[in-house]
Amino acid sequence: VSHYRLFPKALGQLVAALGVRGLHLALGVRELHLALTQGFWRTRAWGQPPLQAPAGAELWVWFQPTVTDVDKAWKELSNILSGIFCASLNFIDSTNTVTPTASFKPLGLANGTDHHLLRYAVLPREVVCTENLTPWKKLLPCGSKAGLAVLLKAERLFHSSYHSQAVHIRPVCRDASCLAVSWELRQTLTVVFDTFSSGQGKKDWSLFKMFSRTLTDACPLASQSKVYVDISPKNKEKELLEVTPPPASVHEAVVQGDKRTYAVYDLMSPSLFNTSRSLNVQLKWKRPQDSSELPTPVLHAQRYVSGYGLQTGEISTLIYNTHPYRAFPVILLETVPWYLRLYVHTLTIITKGKENKPSYIHYQPAQDRRRPHLLEMLIQLPANSVTKITIQFERALLKWTEYTPDPNHGFYVSSSVLSALVPSVIAMKDVDVEQSPLFTSLFPYSDGSSYFVRLYTEPLLVNLPTPDFSMPYNVICLTCTVVAVCYGSFYNLLTRTFHVEEPSRGGLAKRLANIIRKFRGVPPL
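The shown structure was predicted, so the numbers you read here are calculated from the model rather than taken from an experiment.

Draft legend 1. Up close: the overall build of the protein chain. Along its length, the protein chain carries 10 helices and 24 strands. Sorting the 525 residues of the protein chain into buried and exposed places 42% on the buried side. In the protein chain, the share of contacts with a sequence separation of at least 24, taken over all contacts with a separation of at least 6, comes to 75%. As displayed, the protein chain offers around 29,400 Å² of accessible surface, 56% of which is attributable to carbon and sulfur atoms.

Structure (structure tokens):
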């Protein structure tokens, strides 16, 4: 990597294994995927997520086979990314890092899939804000000065229901013959504006209403700069939608098993800015619309904690397959911290009232203060079914120095990961990559009958046995008071020196007064 006209140099040095000041770091990164997310995607209300990520920070990396010490390279890489993106990725250590065996396969060119070269970690408590968005925007070729990035106003983006920014680096073929390999950097930003709640019950929206800005030009370094607006008809209501200004072209694509229609605005087209200097896309409904929910996705899941008390509990995961007649397998990845001691013999998988035995299971037990639990299973989901997975756990008592500053808030458990090839309801045809590079890159599919989906469940918040931290405070206050009073008094008595004052004869005024009193016959002072 030596050409930094478009590729950011900060990330190029990681790929080239060249550190700061010319120091060679044996990182050997083959693939890198980082996501910073604030909020949780509401599947039932918003439909299938286009690009989902777990709440908090997620990092998974494939290293080159030439790396001898993967754990050391993983630690160095997390520290470097923590500085680049101003995030708390330096808190990634062995207690929250796992090595999956079946999930998170390479998305780019890969000569082998040795899972020992893979590392995966999630920080569910990471808070994403402006200091993380600013370095993300600086990685763009034009920054936030031109092109689509001018809409990325921090105060508007974070005033939303969901916000997720991601960076993906992978090796790809440079041409169709794949004789040369290039590095691909993909930056994605997913934001959900709930215009129905904030717009007095109206679904109308525009770029200016959401971002407080409009598009004025394309990035001079960009070869393509387009805006896609989903105008797919829902329940034969295509005529109720009105998009202004009228789009120059319409694109049809199959996204996640559903046929979509998009209005396309090409910022590189000279005719787009002839009538006005800026582009403000508006979507209006010709009649008032209710807040009807989107169709339920074929695959979705939820997870929760049950039980009472602070000794034992149970983690339950519900996986839904709403396909009317197709069954398909799904890979479930569970990462549980070490202070929740799992009872693997209590693992149960129930589908339609019957036991569902997984065809593949991999379990790596946790070690206290060293590594978390890792549970991977390959489960077959029957058509139109709900699969419930439960496992019991016991809460551990931490050392008093291991509690967070707000221990009564609870401790987070990272989201479960579901990976599956979901069968499509409609037939999908092959699309040329050159004609539709965006959709073929973001929504790949293996064949014409299925597409790949990776889903994340909710992160869990678990309460642990917490000591009364006010008692040490009271003891410290009482002890300090007693020590201050007793020690201060004894120290004052031991170090004080006593001096005997001799009576003085008095000053000049006293002698003059006695002389006058002597002449008057009065006793002296």
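Draft legend 2. Expanded view of the confidence of the model for the protein chain. Looking at the protein chain as a whole, its pLDDT mean stands at 85, while 89% of the residues score no less than 70. Residue range residues 18-26 is modelled with pLDDT below 50. Its contacts to residues more than four positions away, or to other chains, number 11 contacts.

Draft legend 3. Just the pairing of strand β22 (residues 417-423), in detail. For β22, a buried count of 6 out of 7 residues is recorded, marking the element as mostly surrounded by other parts of the structure. As paired strands, strand β15 (residues 328-336) and β22 are joined by 4 bridges and run antiparallel to one another. Considered in β22, the bridge of I331 is made with S419. Across 7 bridges, β22 lies against strand β23 (residues 450-456) in antiparallel orientation. Along β23, the bridge assignment pairs P423 with S450.

Draft legend 4. Main features of the sheet that holds β15. Pairing is antiparallel in the open sheet, where 5 strands are placed in the order β18-β19-β15-β22-β23. Bordering the open sheet on either side are β18 (360-364) and β23, each of which pairs with just one other strand. Pairs of neighbouring strands in the sheet enclose a mean axial angle of 15 degrees, with direction left out of account.

Draft legend 5. Looking closely at the sheet that holds strand β4 (residues 118-123). Taken in spatial order, the 6 strands of this open sheet run β3-β4-β2-β1-β5-β6, and their pairing is antiparallel. The outermost strands of the open sheet, each flanked by one partner alone, are β3 (97-98) and β6 (181-192). Direction of pairing for strand β1 (residues 29-38) relative to strand β2 (residues 56-63): antiparallel, over a ladder of 8 bridges. Within β2, the position partnered with L32 by the bridge is V61. The strands touched by helix α3 (residues 70-84) within the sheet are β1, β2, β3 and β4, with β2 carrying the most contacts at an inclination of about 135 degrees.

Draft legend 6. Layout of the pattern of salt bridges. Evaluation of the coordinates by the stated rule reveals 10 salt bridges. With a closest N to O distance of 3.5 Å, R260 and D230 form a salt bridge. Taken together, the residues span a long stretch of sequence, with R260 in strand β11 (residues 258-266) and D230 in strand β8 (residues 226-230) at a distance of 30 residues. Among the residues examined, D230 registers a relative accessible area of 33% and is labelled partly exposed. One salt-bridge network, in which partners are shared between bridges, spans R170, E184 and R186.

Draft legend 7. Representation of empty space enclosed by the protein within the structure. A complete count under the given rule lists 1 cavity of 30 Å³ or more for this structure. If you trace the largest cavity, you find it lined by I315, T317, E334, V336, L342, L347, H373, L375, I389 and I391. Secondary structure elements with two or more residues in the lining of the largest cavity: β14 (312-321), β15, β16 (340-351), β19 (373-381) and β20 (385-395). Looking at the lining of the largest cavity residue by residue, the classes come out as 7 nonpolar, 2 polar and 1 charged.

Draft legend 8. A look at the state of the cysteines. Per the counting criterion, the structure on display carries 2 disulfides. A sulfur-sulfur separation of 1.8 Å characterises the disulfide bridge that pairs C142 with C219. On the S-S bond that ties C142 to C219, the torsion sits near 70 degrees, and the link is right-handed. In this pair, C142 is assigned in the loop between α4 (130-138) and α5 (154-157) and C219 in the loop between α7 (207-211) and β8, connecting sequence segments 77 residues apart. Here C142 matches C219 in class, with each residue buried. The disulfide bridge from C173 ends at C178, spanning 2.0 Å between sulfur atoms. Between C173 and C178, the S-S torsion sits near -65 degrees, and that sign places the bridge as left-handed. Disulfide partners in the protein chain, listed by the sequence order of the bonded cysteines, are 1-4, 2-3.

Draft legend 9. Spatial organisation of helix α10 (residues 508-520). For α10, with 13 residues, the first-to-last C-alpha span of 19 Å sits near the 18 Å given by 1.5 Å per residue. Of the residues trailing α10, G521 is marked for its positive phi of about 80 degrees.

Draft legend 10. Inspection of the packing of aromatic side chains at higher detail. For the structure on display, the rule yields 12 aromatic pairs. Ring plane angle 55 degrees and centroid distance 5.0 Å describe the contact between W60 and F104, whose orientation is recorded as tilted. Taken together, the positions of W60 in strand β2 and F104 in the loop between β3 and β4 put the pair 44 residues apart, joining distant regions of the chain. Residue classification places F104 among the buried residues on the basis of a relative accessible area of 1%. Clustering of aromatic rings is evident, with ring pairs tying together W338, Y339, Y403, F411 and F469.

Draft legend 11. Spatial organisation of a nonpolar patch on the surface. Together, L508, L512, I515 and F519 line one region of the surface with nonpolar side chains, adding up to about 470 Å² of accessible area. Mapping F519 onto the fold places it in helix α10.

Draft legend 12. Looking closely at unusual backbone geometry. Geometrically, the link from T244 to P245 is a cis peptide bond, its omega value of -5 degrees lying close to zero. Positioned with a positive phi, F104 is a non-glycine residue whose angle comes to about 60 degrees. Located in the positive-phi region is N384, a residue other than glycine, with phi close to 50 degrees. Relative to the helices and strands, N384 is located in the loop between β19 and β20. By relative accessible area, which is 55% here, N384 ends up exposed.

Draft legend 13. Spatial organisation of the nonpolar core. Within the largest apolar cluster, 69 residues are counted, with the highest numbers of intra-cluster contacts made by L11 and L81. Those residues in contact with L81 that sit more than four places away from it in its chain are L11, L14, L32, L59, C86 and L89. Listed in part, the 19 residues of the second largest apolar core include V298, L375, V422 and V453.

Draft legend 14. A look at the environment of A420. For A420, the location among the structural elements is in strand β22. Taking relative accessible area as the criterion, A420 reaches 4% and is therefore assigned buried. For the pair A420 and P329, spaced 91 residues apart in the sequence, the C-alpha separation amounts to 6.5 Å. What A420 contacts, discounting residues up to four positions off in sequence, is L299, F328, P329, V330, Y451, F452 and V453.

The rules we used
Residues numbered from 1 in each chain as written. Predicted model: local features only at pLDDT ≥ 70, side-chain atom pairs only at ≥ 80, totals over all residues. Heavy atoms only, no water. Helix = DSSP H or I, 4+ residues; strand = E, 2+ residues; numbered from the N terminus. Buried < 20%, exposed > 50% of the residue type's maximum accessible area, 1.4 Å probe, protein only. Contact = heavy atoms within 4.5 Å. Areas by Shrake-Rupley, 256 points an atom, 1.4 Å probe, with all protein chains shown as cover. pLDDT = per-residue confidence, 0-100. Pairing = 2+ DSSP bridges. Axes fitted to C-alpha atoms, helices over the stretch in contact; angles between N-to-C directions. Salt bridge = Lys/Arg side-chain N within 4 Å of Asp/Glu carboxyl O. 1 Å grid on protein atoms, 1.4 Å probe; cavity = no way out; pocket = protein on both sides within 12 Å on 5 of 7 lines; lining within 4 Å. Points joined across faces, edges and corners; volume = space filled by probe spheres on them. Nonpolar A, V, L, I, M, F, W, Y, C, P; charged D, E, K, R; others polar. Disulfide = S-S within 2.5 Å. Expected span 1.5 Å × (residues − 1). Phe/Tyr/Trp six-rings, centres within 6.5 Å; stacked < 30°, edge-to-face > 60°. Patch = residues over 30% accessible without salt bridge, like charges linked within 9 Å, V, L, I, M, F, W, Y side chains within 5 Å. Core = buried A, V, L, I, M, F, W, Y, C linked by side-chain atoms within 4.5 Å.

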